[in-house]
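Chains, contacts and geometry: an overview
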Amino acid sequence: MIDPKFYSDFGDRKIPDLIDGFLEIGELRSIDDVLVKIADITAKIVECDRVSIFIYDKKKETLWTKIAHGVADKIEVPKDKGIVGWVFLNSRELIISDPYSDPRFNKEIDKATGYVTKNILAFPLKTYSGRTVGVLECINKLDGNFVEDDVKFVKILSVYAANSIENALLYDEIKRTQDEIVFRLSLAAEFRDETTYNHLIRMANYSYVIAKEMGFDEVWCEKLRLAAPMHDIGKLGIKDQILLKPAKLTDEEFEEMKKHTVFGYEILKDSDIEVLRMASNIAIAHHEKYDGSGYPYGLKGEQIPIEARIVAVADVFDALTSERPYKKAFPVEQAVKMIEDESGKHFDPNVVQAFKNVIHKILAIKKQYE
Ligand SMILES: [Fe+2]
Ligand SMILES: [Fe+2]
């Protein structure tokens, strides 16, 4: 049972403000927007000048400002330094009315920014699972000093902030794990022949910028970036004497080699993960040609999945402009000309057009991952 006094102590205006704030937060989708909103609501309800939200960086063992009212640059402090560090390590709130006489207070930030800190309320951001993920800091109560009632409000808001941060961190970690596993899997397939790590990075990024130019949305383009490096994963199923043969393949051997498309599809198909499903389309169809003269099925035009039509241009352009043990790299102008000449034959004309439109971006990527 909640003591009614708990509410009346806060005054009449704050509860509606808090409810409105939570309703607004509910509409937000991105972690950044949520935290900005939490900082704004906190400043309004506890009536202070500035609010900062620090997030703990496990790798660097620092706390850094994700959100900081009135400060443009990111502030980063060691996890055991200053008021924020103390609150983080002890997982306890702190009200300080005379920071300059508190040895924990770091005067350097005020000195650097010209701001004068008069009082502080700092609160640990603890998740439901009890993990402390950061610190919420209120600075300079507009009227007088921070009081215990302010702490109660901050506590309510801090739980929300903490769980938003934890969700975002978990999501980020899952995504990074997934990306890296997928990329290293692609690398495993490329390991046996001369293809390099940089080839995969370049052709993935070329595919991304071409798709963007063609008007696909960001989520789709990101998936394509991740799926593209798996185009040759089926080479895992090709025998060494064919895959590594230093001379031209016989017709029979080439027929074997063509099977890497089908093998790739077999490895990747029927997954619940969309990226892998997209990758299976790319694996099976990245050697199909727009005019129907490609393999393995001789698909034509729109029959070829668009992701494979994009990857075909990105992959071939990178192959043309890269040196391989058996061939020199073509100059960029010549490679672009060769792609253009194949528009409507090997390649989808729309993809070739988009490729030409973003050639400056493609060359920048090429330079970055030479
Ligand atoms: Fe291939
Ligand atoms: Fe390739």
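Residues numbered from 1 in each chain as written. Chains lettered and ligands numbered in written order. Predicted model: local features only at pLDDT ≥ 70, side-chain atom pairs only at ≥ 80, totals over all residues. Heavy atoms only, no water.

1. Re the overall build of the protein chain
- Per the secondary structure count, the protein chain includes 16 helices and 6 strands.
- Relative to the globule expectation of 21 Å for 370 residues, the C-alpha radius of gyration of the protein chain, 28 Å, shows a markedly less compact shape.
- Principal-axis analysis of the C-alpha atoms gives the protein chain an extent of 85 × 45 × 35 Å.
- A separation threshold of at least 6 residues defines the contact pool for the protein chain, and within that pool the share at least 24 residues apart is 59%.
- Here the protein chain displays about 19600 Å² of accessible surface, and carbon together with sulfur accounts for 54% of that area. (Helix = DSSP H or I, 4+ residues; strand = E, 2+ residues; numbered from the N terminus. Rg over C-alpha atoms; globule rule 2.2 N^0.38 Å. Contact = heavy atoms within 4.5 Å. Areas by Shrake-Rupley, 256 points an atom, 1.4 Å probe, with all protein chains shown as cover.)

2. Points about helix H12 (residues 274–285)
- Here H12 contains 12 residues, and its C-alpha end-to-end distance of 17 Å stays within 8% of the 16 Å for a straight helix at 1.5 Å per residue.
- Buried residues dominate H12, accounting for 9 of its 12 residues.
- Among the residues of H12, Val275, Leu276, Met278, Ala279, Ser280, Ile282, Ala283, Ile284 and Ala285 are the ones counted as buried. (Expected span 1.5 Å × (residues − 1). Buried < 20%, exposed > 50% of the residue type's maximum accessible area, 1.4 Å probe, protein only.)

3. As for the coordination of the iron ion (ligand 2)
- Those donors, His199 (NE2), His231 (NE2) and Asp315 (OD), are the protein atoms that reach the iron ion (ligand 2), and they lie 2.2 to 2.3 Å from it.
- A gap of 5.8 Å separates the iron ion (ligand 2) and the iron ion (ligand 1). Here Asp315 lies in helix H13 (residues 306–320) and His231 lies in the loop between helix H8 (218–227) and helix H9 (240–243), a separation of 84 residues in the sequence. Accessibility classification places His231 together with Asp315 in one group, the buried group. (Donors = N, O, S within 2.8 Å, 3.2 Å for Na, K, Ca; no water.)

4. Topic: the coordination of the iron ion (ligand 1)
- Within the protein, the iron ion (ligand 1) binds to Asp232 (OD), His260 (NE2), His286 (NE2) and His287 (NE2); these donor distances fall in the range 2.0 to 2.3 Å.
- Between the 4 donor atoms coordinating the iron ion (ligand 1), the angles at the centre fall across 84 to 174°, so the site counts as irregular.
- Positions of the donor residues of the iron ion (ligand 1) along the chain correspond to the pattern D-x27-H-x25-H-H. (Tetrahedral: all angles 85-135°; square planar, octahedral: opposite > 155°, others 65-115°.)

5. A few points about the packing of helix H10 (residues 251–258) against helix H11 (residues 260–268)
- In the contact formed by H10 and H11, the axes pass within 5 Å of each other and the chain directions differ by 20°. Between H10 and H11, the interaxial angle falls into the category roughly parallel. Residues Glu256, Met257 and Lys258 of H10 touch H11, and the partners they reach there are His260, Thr261 and Val262.
- Across the contact of H10 with H11, the residue classes tally to 2 nonpolar, 2 polar and 2 charged. (Axes fitted to C-alpha atoms, helices over the stretch in contact; angles between N-to-C directions. Parallel < 35°, antiparallel > 145°, perpendicular 65-115°, else oblique. Nonpolar A, V, L, I, M, F, W, Y, C, P; charged D, E, K, R; others polar.)

6. A word on the side chain of Thr65
- Relative to the helices and strands, Thr65 is located in strand E2 (residues 62–68).
- Classification of Thr65 as buried rests on a relative accessible area of 6%.
- In this structure the side chain of Thr65 is engaged in a polar contact, spanning 2.7 Å, whose partner is the backbone nitrogen of Ile75.
- Sequence-distant contacts of Thr65, defined by excluding residues within four places in its chain, comprise Ser52, Ile53, Phe54, Asp73, Lys74 and Ile75. (Polar contact = N/O pair within 3.5 Å; in protein donor to acceptor, adjacent residues only side chain to side chain.)

7. With respect to the sheet that holds strand E4 (residues 94–96)
- With antiparallel pairing, 6 strands are arranged side by side in an open sheet as E3-E2-E1-E6-E5-E4. The open sheet is flanked by strand E3 (76–78) and E4, the only strands paired with a single partner. Sheet twist, expressed as the average angle between the axes of neighbouring strands with direction ignored, equals 25°.
- When strand E1 (residues 48–57) meets strand E6 (residues 132–141), the two strands line up antiparallel, connected through 7 bridges. Pairing of Ile53 across the sheet is with Leu136, part of E6.
- Lying on the sheet, helix H3 (residues 31–46) is in contact with E1, E2 and E6; it crosses E1 at an angle near 145°.
- Sitting on the sheet, helix H6 (residues 148–190) is in contact with E1, E4, strand E5 (120–126) and E6, with an inclination near 35° to E5. (Pairing = 2+ DSSP bridges.)

8. Section: the packing of aromatic side chains
- For the coordinates displayed, the defined rule picks out 8 aromatic pairs.
- Centre to centre, the rings of Phe183 and Tyr197 are 5.3 Å apart; their planes meet at 80°, and the pair counts as edge-to-face. One end of the pair, Phe183, is in helix H6; the other, Tyr197, is in helix H7 (residues 197–213), and 14 residues separate them in sequence.
- A residue is classified by how much of its surface remains accessible, and Phe183, at 17% relative accessible area, is buried.
- Measuring from centroid to centroid gives 5.9 Å for Phe254 and Tyr295, while their planes differ by 80°, and the two rings are edge-to-face. Of this pair, Phe254 sits in helix H10 while Tyr295 sits in the loop between H12 and H13; the two residues are 41 residues apart in sequence, bridging distant segments of the chain.
- Owing to a relative accessible area of 37%, Phe254 belongs among the partly exposed residues under this scheme.
- An aromatic cluster is defined as three or more aromatic residues linked by ring pairs; in this entry it consists of Tyr206, Phe317 and Phe355.
- It is Arg104 that lies over the ring of Trp86; its NZ or CZ is 4.9 Å from the centre. (Phe/Tyr/Trp six-rings, centres within 6.5 Å; stacked < 30°, edge-to-face > 60°. Lys NZ or Arg CZ within 6 Å of the ring centre and 35° of its normal.)

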